[in-house]
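One letter stands for each residue in the lines below.
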Amino acid sequence: MSLLLEHQWEHALLAAVIEAAKRECPGCYLGRTAIQKLVYFVQVLDVPMRYKFRIHHYGPFCDEVPSALEWLQADSIVEDLSENDRYSNYAPAENWPVLQEKYAKELELNKETIQSVVKAMGGMDPNTLELIATLHYSFRWVQACGGNGPWQNATITKFKEIKKDKFSDDEISHWYDDLVAAELIEN
Amino acid sequence: MPETSQFRLPDYLGDSHEPAHRVRCAVHGFIRYSNAERKIIDNPLFRRLRYIRQLALTELIYPGATHTRFEHSLGVMEMATRIFDRLASRRGGDMEETFKTIPEMSENTMARARQICRLAGLLHDVGHCCFSHAAEKVLQNDEGHEQLSVRVISHEAYLQKQIDEDFFPGCAKLTASLIEGPAPQLQILSDIVSGQIDADRTDYLLRDSHHCGVDYGRFDYRRLIECLTVWRDEDTGILEMAINRDGMHNFESLILARYQMNTQVYYHRLRRIYDLYLENYFKALDQSQFDTADKVLALNDFRATVDLMDAAQNADAPGHEWADRIVNRKHHRNVFALDEREGSLALKKTATVLKTIRTEYPDITFLEDLPTKAVSIHKIACPTDQKDDGIDFPLIEGEKRSSLGERSQLLEKLPGEFRVGYVFADVSDRTQRESIALRCREIYQNA
């Protein structure tokens, strides 16, 4: 098979996230919300994707990601296995190896980061991904206000402003600690 | 008697913001700027935009389209200022309270916010290579002009020092962040420059219309800006640009202008074929000519055109075939165009068309143009959307907030994006071209 469309390295990195998530967690349902959050964290860890995220119903969201997914589908690089129009379940398709070969250098450079994000978060349900991505976003807000921390109380206050009582205090503290342990945010 | 200014500047601006200079703009009238801004405008890095045309080779189709990135950038600065001033006059207190949380903006908050907005508008295209978007893929190795603009603004080898010294410490970094992705508190400033109702699009629609001599891109932007306001999202605390109910139809005209300019100018079939030639021409050149940011910044349309004309005359020159086609206007003809209503699956059918006609007409060369992205017209969420991907743009009626997508019948009916795709054939004979076009349609329908 050959590629019909032009692609950018983001397309290859996005497809690599999908491929890694499906490999790490074969039975998991990989929908649009989950992909948004995985890409958000991959980018936080300096994988050079030029997506601009802003806060949305379910946490950080970038409107370029759905367009890129549609493009990848049109070229049979990924496919949507879901039979329900309202939900998606993405998986790599027959042309993935062709794109993988084309962007081998970029993929190799970022393989480890993608792998580590997917390993840590690929199996999480969309709700948990929403929680941790919004926690990270809240941390960014608080950190932008300057100073040297501590950040935890202010971040959790900001998080609760955004998510109200959707998540319990225990859940929030638990995932905050996990994000600190993963060095994605600071205490 | 001393001449008095007809323009009253916001009270929070100091003497350094005094618009000591002005320039006449074909679209907005006088554009005024301060001494410090003049130093940026006179910097060779910005001056190079005088030699980069806004619409590359579109002048081969619309001869008036020879305007440059220089005037567009000044126009975006002006539009960004008008939008900022309107928003500040509505909810300046909320804006100040939010922006103040950023340490570099804790003093002279509103003046600094206005300044970075102006600078982001002025400098958003400073990283454009020659021939604007057409050559970007090749010359900037998929990096994009935006990344280079950010680098020029925030790197000490370029403008960072001058910006920080002449405006305020940290100004360069904040300006670059409006282009690259700002702290959540400054999102609204980034949206002023590039968002759903923004300075960039407003200026290029009006300016490109003016220079191309078409009316598609005109809309009542003054009224639209007049109807803008600010809404604080209760959940996130983020300030969002919003529109009053009275401006809904002006917003719809902006969307229609965008739709029509895209179909009639930006994605005009002949423009697309010349863009393809430019891309092929640059691909044929020695790539070491463009392998650093400095080399890309040293290029402009004038220099590149001289080389292009030389290559057109010299059969042995790299890229001769494409240069010859551009300079002597010998272009392929369109034999197939995607119906803009069709989704991305139509692209697969186009692949079948291409494969088949290449087999059936082995002596004819075909070129395809299938742009990477669908053409986005708007990203506003509408109730009929199948997917939860749209932007919820606030519409304000009294003190009540609803969503623009819920209230606008036009937005609900107009697709948010459309696909463009062409197949071109090197055939000058009209009868043969028509027969190939017919065959393409037949293959497409049966694919």
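These figures come from a predicted structure and were not determined experimentally.

1. Focus on the overall build of chain A
Next up, step 1: A count of helical and extended segments in chain A gives eight helices and four strands.
Next up, step 2: The secondary structure elements of chain A, listed N-terminal to C-terminal, are α-α-β-β-α-β-β-α-α-α-α-α.
Next up, step 3: Computed over its C-alpha atoms, the radius of gyration of chain A comes to 17 Å, within 12% of the 16 Å expected for a compact globule of 187 residues.
Next up, step 4: Along the three orthogonal principal directions, the C-alpha set of chain A runs to about 55 × 35 × 25 Å.
Next up, step 5: In chain A, which comprises 187 residues, the proportion classed as buried is 45%.
Next up, step 6: Summarising the internal contacts of chain A: among those between residues at least 6 apart in sequence, 67% fall at separations of at least 24.

2. Some remarks on the overall build of chain B
Next up, step 1: Per the secondary structure count, chain B includes 20 helices and 11 strands.
Next up, step 2: Taken over the C-alpha trace, chain B has a radius of gyration of 24 Å; the compact-globule value for 447 residues is 22 Å, and the two agree within 12%.
Next up, step 3: Seen through its C-alpha atoms, chain B measures out along the principal axes to roughly 70 × 50 × 40 Å.
Next up, step 4: Buried positions account for 44% of the 447 residues belonging to chain B.
Next up, step 5: In chain B, of all internal contacts separated by at least 6 residues, the share reaching a separation of at least 24 is 68%.

3. Comments concerning helix 6 (residues 126–144) of chain A
Next up, step 1: Here helix 6 of chain A contains 19 residues, and its C-alpha end-to-end distance of 27 Å stays within 8% of the 27 Å for a straight helix at 1.5 Å per residue.
Next up, step 2: Positive backbone phi, at 90 degrees, marks Gly146 of chain A, one or two positions downstream of helix 6 of chain A.

4. Considerations on the interface of chain B and chain A
For an interface, size is often stated in terms of accessible area lost upon the parts coming together.
Next up, step 1: Listed per partner, the contact involves 29 residues of chain B and 27 residues of chain A.
Next up, step 2: Of the residues forming the side of chain B that touches chain A, the biggest block, four residues, is contributed by helix 17 (residues 345–360) of chain B.
Next up, step 3: Of the residues that constitute the side of chain B that touches chain A, the class distribution is 11 nonpolar, 10 polar and eight charged.

5. Remarks on the nonpolar core
Looking at soluble globular proteins, one finds that nonpolar side chains tend to be buried together.
Next up, step 1: Judged by nonpolar contacts, the single largest core of 114 residues is most densely connected at Ala80, Ile116, Cys117, Ile153, Ile192 and Leu278 of chain B.
Next up, step 2: Discounting residues that sit within four places of it in the chain, Ile116 of chain B has contacts with Cys171, Leu174, Thr175, Leu178 and Leu189 of chain B.
Next up, step 3: Core analysis: the next-biggest nonpolar cluster, separate from the first, contains 59 residues, Trp9, Leu69, Ile77 and Val118 of chain A among them.

6. A closer look at the confidence of the model for chain B
Residues and elements named next belong to chain B.
Next up, step 1: Counting all residues, the mean pLDDT for chain B is 90, and 94% of those residues have values of 70 or more.
Next up, step 2: Counted against residues more than four places away or in other chains, residues 1–6, with its pLDDT under 50, gives zero contacts.
Next up, step 3: The ipTM assigned to the predicted complex is 0.76, against a pTM of 0.89.

7. Side note on unusual backbone geometry
Residues and elements named next belong to chain A.
Next up, step 1: A positive phi angle, near 55 degrees, is found at Ser76, a position not held by glycine.
Next up, step 2: Its location among the elements puts Ser76 in the loop between helix 3 (64–74) and strand 3 (78–80).
Next up, step 3: The partly exposed category is assigned to Ser76, around which 18 C-beta atoms lie within 10 Å.
Next up, step 4: Of note, the phi angle at Glu183 is positive, near 60 degrees, even though the residue is not glycine.
Next up, step 5: Relative to the assigned elements, Glu183 resides in the segment after helix 8 (169–181).

8. Comments concerning the pairing of strand 1 (residues 21–25) of chain B
Residue and element names in this part refer to chain B.
Next up, step 1: Here strand 1 runs beside strand 2 (residues 29–33); their pairing, made up of five bridges, is antiparallel. Bridging across to strand 2, Arg24 finds its partner in Phe30.
Next up, step 2: Following strand 1, the chain reverses through three residues before pairing antiparallel with strand 2.

9. Overview of the environment of Gly92 of chain B
Residue and element names in this part refer to chain B.
Next up, step 1: Note on placement: Gly92 falls in helix 3 (residues 69–99).
Next up, step 2: The exposure class of Gly92 is partly exposed, given the 18 C-beta atoms found within 10 Å.
Next up, step 3: Note: C-alpha distance between Gly92 and Arg69 (23 residues apart in sequence) is 31 Å.

The rules we used
- Residues numbered from 1 in each chain as written.
- Chains lettered and ligands numbered in written order.
- Predicted model: local features only at pLDDT ≥ 70, side-chain atom pairs only at ≥ 80, totals over all residues.
- Helix = DSSP H or I, 4+ residues; strand = E, 2+ residues; numbered from the N terminus.
- Rg over C-alpha atoms; globule rule 2.2 N^0.38 Å.
- Buried ≥ 20, exposed ≤ 12 C-beta atoms within 10 Å, placed from the backbone.
- Contact = placed C-beta atoms within 7 Å.
- Expected span 1.5 Å × (residues − 1).
- Nonpolar A, V, L, I, M, F, W, Y, C, P; charged D, E, K, R; others polar.
- Core = buried A, V, L, I, M, F, W, Y, C linked by C-beta atoms within 7 Å.
- pLDDT = per-residue confidence, 0-100.
- Pairing = 2+ DSSP bridges.

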